[in-house]
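Geometric and topological summary
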2 protein chains.
Amino acid sequence: MGITKSEHFTDEQNELATLAKAIGHPARIAIIQHLIKVNSCVCGDIVNELPLAQPTVSQHLKELKNAGLIKGNFEGNAICYCLNEEGFNKIKGFFQHINAYLENKKNQCC
Amino acid sequence: MGITKSEHFTDEQNELATLAKAIGHPARIAIIQHLIKVNSCVCGDIVNELPLAQPTVSQHLKELKNAGLIKGNFEGNAICYCLNEEGFNKIKGFFQHINAYLENKKNQCC
DNA sequence: TATTTATATTGCAATATTACGATATAGTTT
DNA sequence: AAACTATATCGTAATATTGCAATATAAATA
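The name given to chain A in an unreviewed UniProt entry is DNA-binding transcriptional regulator, ArsR family, with Flavobacterium sinopsychrotolerans as the source organism.

See the structure below:
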């Protein structure tokens, strides 16, 4: 029915999924990469970088912000965006766990 | 219009987005976590683990497989699934890059 | 080969996402 | 305050995702 059964999963599973989902769009990957490159910038800079209209970029920024992956501060009449360590720290452990597992395991059936 | 403008982004951006998107659902997080726990198992085991019907689980497994995050091998008349190192290695570098950046940077505006 | 077991596919309804034009809002400058 | 600049929100169309019942497929076993 198009609706995810979140209530049947753990908070951790839902939180990790929300974070991964927020990262799961090429425009949002591009925004993250740009913020790493320039450290911080205003929304207009990202509009100039991406092949998308201003409202679309604004929407993507909102999703990244809601997920806790970026932060925005008013700076004059513009808004300065940068990465939010908190969000990325939450995924970090998950991938470290996976990588540690993959380095040690002997593939059994695959 | 509901359609992602993939052609305007780089292959790397599209690939990372596809991988993150595949991880971005609590059922698929649960599948990955279960595979880490038991190393490998058949589809039926996952159906028993998750609060979802068999066709739904099958669909999630397909998405993880298409993204290159899991592999499946026939084992009798069942199919044995386990994690696919290849897919996870592709995201690894992205997060390592982000983490290295976040550890070094002095937050400038946020 | 008929039956059973395990998984995949089809078809469909409900909901979510993506994209953008038009417009609103908020701060800045003149 | 009026005009300008920067960003957010609204409304809407097109498309994608989620979930499952029904059914198909494929291998194992009787």
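Regarding helix H5 (residues 85-104) of chain A
Between its first and last C-alpha atoms H5 of chain A spans 28 Å; for 20 residues at 1.5 Å apiece the expected length is 28 Å, and the two agree. Within the span of H5 of chain A, buried status applies to Gly87, Phe88, Ile91, Phe94, Phe95, Ile98, Asn99, Tyr101 and Leu102 of chain A.

Considerations on the relation of the copies chain A and chain B
Note on the identical chains: chain A maps onto chain B by a rotation of 180° and an axial translation of 0.0 Å, with an RMSD of 0.0 Å. Taken together, these values place the two copies in the relation of a two-fold axis. The residues that chain A uses at the interface reappear at the interface of chain B in 100% of cases, marking a shared surface.

Details of the layout of surface pockets
Put simply, the second largest pocket is a space of about 180 Å³. Considering the residues around the second largest pocket, the lining is formed by 13 residues, among which Ala30, Gln33, His34 and Glu49 of chain A together with Gln13 of chain B are closest to the centre. Those elements that place two or more of their residues in the lining of the second largest pocket are helix H2 (26-38) and helix H3 (43-49) of chain A. Here the lining of the second largest pocket gets five residues from one element, more than from any other, and that element is H2 of chain A.

As for the interface of chain A and chain B
Of the residues lining the interface, 52 residues belong to chain A; the matching set on chain B comes to 52 residues. Each partner contributes to the roughly 4,700 Å² buried at the junction of chain A and chain B, and carbon and sulfur atoms together form 67% of this total. Residue Glu103 of chain A is joined to Lys92 of chain B by a salt bridge in which the shortest nitrogen-to-oxygen separation is 3.4 Å. At the boundary of chain A and chain B, one finds six residue pairs in polar contact (both at pLDDT 80 or more). Looking at the side of chain A that touches chain B, the elements that each hand over two or more residues are helix H1 (11-23), H2, strand E2 (70-75), strand E3 (78-83) and H5 of chain A. Residue contributions to the side of chain A that touches chain B peak at twelve residues, all from H5 of chain A. Its residues assigned to classes, the side of chain A that touches chain B comprises 28 nonpolar, 14 polar and ten charged.

A look at the sheet that holds E2 of chain A
In sheet architecture, strand pairing relies on hydrogen bonds along the backbone and comes in two forms, parallel and antiparallel. Across the sheet, which stays open at both edges, the three strands sit in the order E1-E3-E2 (chain A) with antiparallel pairing between neighbours. Each of the sheet's edge strands pairs with one partner strand only, and the pair in question is strand E1 (41-42) and E2 of chain A.

Criteria and cut-off values
Residues numbered from 1 in each chain as written. Chains lettered and ligands numbered in written order. Predicted model: local features only at pLDDT ≥ 70, side-chain atom pairs only at ≥ 80, totals over all residues. Heavy atoms only, no water. Helix = DSSP H or I, 4+ residues; strand = E, 2+ residues; numbered from the N terminus. Expected span 1.5 Å × (residues − 1). Buried < 20%, exposed > 50% of the residue type's maximum accessible area, 1.4 Å probe, protein only. Least-squares fit on C-alpha atoms with pLDDT ≥ 70 in both. Contact = heavy atoms within 4.5 Å. 1 Å grid on protein atoms, 1.4 Å probe; cavity = no way out; pocket = protein on both sides within 12 Å on 5 of 7 lines; lining within 4 Å. Points joined across faces, edges and corners; volume = space filled by probe spheres on them. Buried area = accessible area lost by both parts, 1.4 Å probe. Salt bridge = Lys/Arg side-chain N within 4 Å of Asp/Glu carboxyl O. Polar contact = N/O pair within 3.5 Å; in protein donor to acceptor, adjacent residues only side chain to side chain. Nonpolar A, V, L, I, M, F, W, Y, C, P; charged D, E, K, R; others polar. Pairing = 2+ DSSP bridges.

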